[in-house]
Amino acid sequence: MHHLAVALKFHSFSPHYALSLSNFSTQSPNPRLPSFPPLAPVPHVSSSVCLRCRSSAADVSPLKYADGSSSIGSLGENGDIVVAEKPIDVATLGNLCVDIVLSVHELPPPSRGERKALMDELSLSPPDKKYWEAGGNCNMAIAAARLGLHCVAIGHVGDETYGEFLLDVLHEEGIGTVALDKGTTAKDSSSYCETLICWVLVDPLQRHGFCSRADFKEEPAFSWITDLSDEVKMAIRQSKVLFCNGYDFDDFSPTFIMSTIDYASKVGTAIFFDPGPRGKSLSKGTPDERRALAHFLRMSDVLLLTSEEAEALTGIRNPVKAGQEILRNGKGTKWVIVKMGAKGSILVTKSSVSVAPAFKVEVVDTVGCGDSFVAAIALGYIRSMPLVNTLTIANAVGAATAMGCGAGRNVARRHQVMDLMKASILNDEEKFFEQLVAENPESPRINLLSKKIKKDGSSKQQQIETISMEKVVSELLPELERGRYCVEASS
């Protein structure tokens, strides 16, 4: 059965929600989601130290290029990317948090004051650690690491119990961590320096409400972080990809975000940006937020958007045409990827359009699916995979995550992705995509993933090439095996 995870914060509220912990269920509506026990007081841990991070400059050694260049490389004739040799595959920027996943009878109320009071009450009595999970950009980093990529999480982690937990999870997954704020001091160590907590509330219909202290601050949670340390600059410089998303605006000031983007671009690190649910509010936000969002859209090498986001940005409903319009307005944009949920995904370059229907699975929870999807896109980008292959593995990783419950350590594992691809059961969306690309005669070539071989359809204006699932799977399975051996060799 397909369940909908509400991506935007606090949809579908009960107008008569009583602010009481009696609304929390002691039995989970989802048997795979842990039940939430009665709350018991836990001593609050306050930190007087701004940062605890287990990495140092020694974790990231200086990189020397054979030709003295720091450029990431050039665009190949098929729209694939030739990536220069860098020791780190993916670095994530900010958005490091601990998710606390609770089952509730109904989602929180729309009133800001009531939601704040509820969050404060929950924070006084944290539940057992079995309800904790790594969240935010940890999802993407964990999914990427499980695909065999070398990952570093750049961000702020507090020196308390939650920070200890988060660092333990990341390091158990083989992910390095680099402090954004080494050597700086926050103005209020009791709140500004703590690890960010996100309460993930799940109702009986598997809809989600998300709440953190960042929702109730007039300024970003870590607005006191204003400069990139030498260690962070080194990590960005030595990464092939820097992944950012809209929730970075909850952590950092728009000015800081823009300077980080500019630095990554300067040193030849590809910028991946997924605005996510925050994109809508940013487009109507402060002048600085709108300016930073526009900067992301211009400067990013790879943009990941839902079909609704692509339409909102361009006013164009057809996602292929919308992607092409975004490419025309970008400064260095190489790929625009449009995610279409259960239908599949589209990858638009200046010379081609690639289309892959989604895998048919029983969806349990969609939280973390987008993060898992982008991890596989990064894999395809870095390894210069054929574009349809990149979409196919991304769809598979996203689908494998959707079959589980929650994100963090519950995101897709390699063997689950391989099983999905071997089964090769796709949703029947080929006719939908064929109609979609037929409405757009500007693309010289359309690559369409198909469950079976059939004759190519063509016209004077465009060529639709069908690529068999069997062929794609035969090429992707060795890539996944390669990733497994890389992980085993480095562990």
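Structure first, text after, so check above.
Novice: Teacher, can you tell me more about unusual backbone geometry here?
Specialist: Trans is the prevailing form of peptide bonds, just as negative phi is the prevailing case for residues other than glycine. For Asn-95, which is not glycine, the phi torsion reads 55° and is therefore positive. Given a relative accessible area of 8%, Asn-95 falls into the buried group.

Novice: Would you take a moment to explain the sheet that holds strand β3 (residues 132-136) for this structure?
Specialist: Hydrogen bonds between backbone groups are what pair the strands of a sheet, and the pairing can be parallel or antiparallel. As summarised here, the arrangement of the four strands in space is β3-β2-β6-β7, forming an open sheet in which the pairing is mixed. With one partner strand each, in any of the chains shown, β3 and β7 (208-212) form the two edges of the open sheet. Put simply, the sheet's adjacent strands are angled 35° from each other on average, direction ignored. Looking at chain direction, strand β6 (residues 196-202) and β7 are connected through five bridges and run antiparallel. Pairing of Trp-199 across the sheet is with Cys-211, part of β7.

Novice: Could you clarify how one ought to interpret the packing of helix α4 (residues 230-237) against helix α6 (residues 254-266) in this entry?
Specialist: Packed helices, taken two at a time, are described by the angle their axes make and the gap between the axes. Where α4 meets α6, the axes come as close as 9 Å, and the angle between the chain directions of the two elements is 50°. The orientation of α4 relative to α6 falls into the category oblique. Between α4 and α6 lies a crossing whose hand is right-handed. Touching Lys-233, Ile-236 and Arg-237 of α4 are Thr-260, Tyr-263 and Ala-264, all from α6. In the contact of α4 with α6, the residues fall into three nonpolar, one polar and two charged.

Novice: Explain α4 to me, please; I cannot follow it from the model alone.
Specialist: Listed as buried for α4 are Val-232, Met-234, Ala-235 and Ile-236. Buried positions along α4 lie against β1 (88-93), β4 (151-155), β5 (176-179), β8 (239-245) and α6.

Calculation criteria
Residues numbered from 1 in each chain as written. Predicted model: local features only at pLDDT ≥ 70, side-chain atom pairs only at ≥ 80, totals over all residues. Heavy atoms only, no water. Buried < 20%, exposed > 50% of the residue type's maximum accessible area, 1.4 Å probe, protein only. Pairing = 2+ DSSP bridges. Helix = DSSP H or I, 4+ residues; strand = E, 2+ residues; numbered from the N terminus. Axes fitted to C-alpha atoms, helices over the stretch in contact; angles between N-to-C directions. Parallel < 35°, antiparallel > 145°, perpendicular 65-115°, else oblique. Left-handed = near helix turned anticlockwise from the far one by under 90°. Contact = heavy atoms within 4.5 Å. Nonpolar A, V, L, I, M, F, W, Y, C, P; charged D, E, K, R; others polar.

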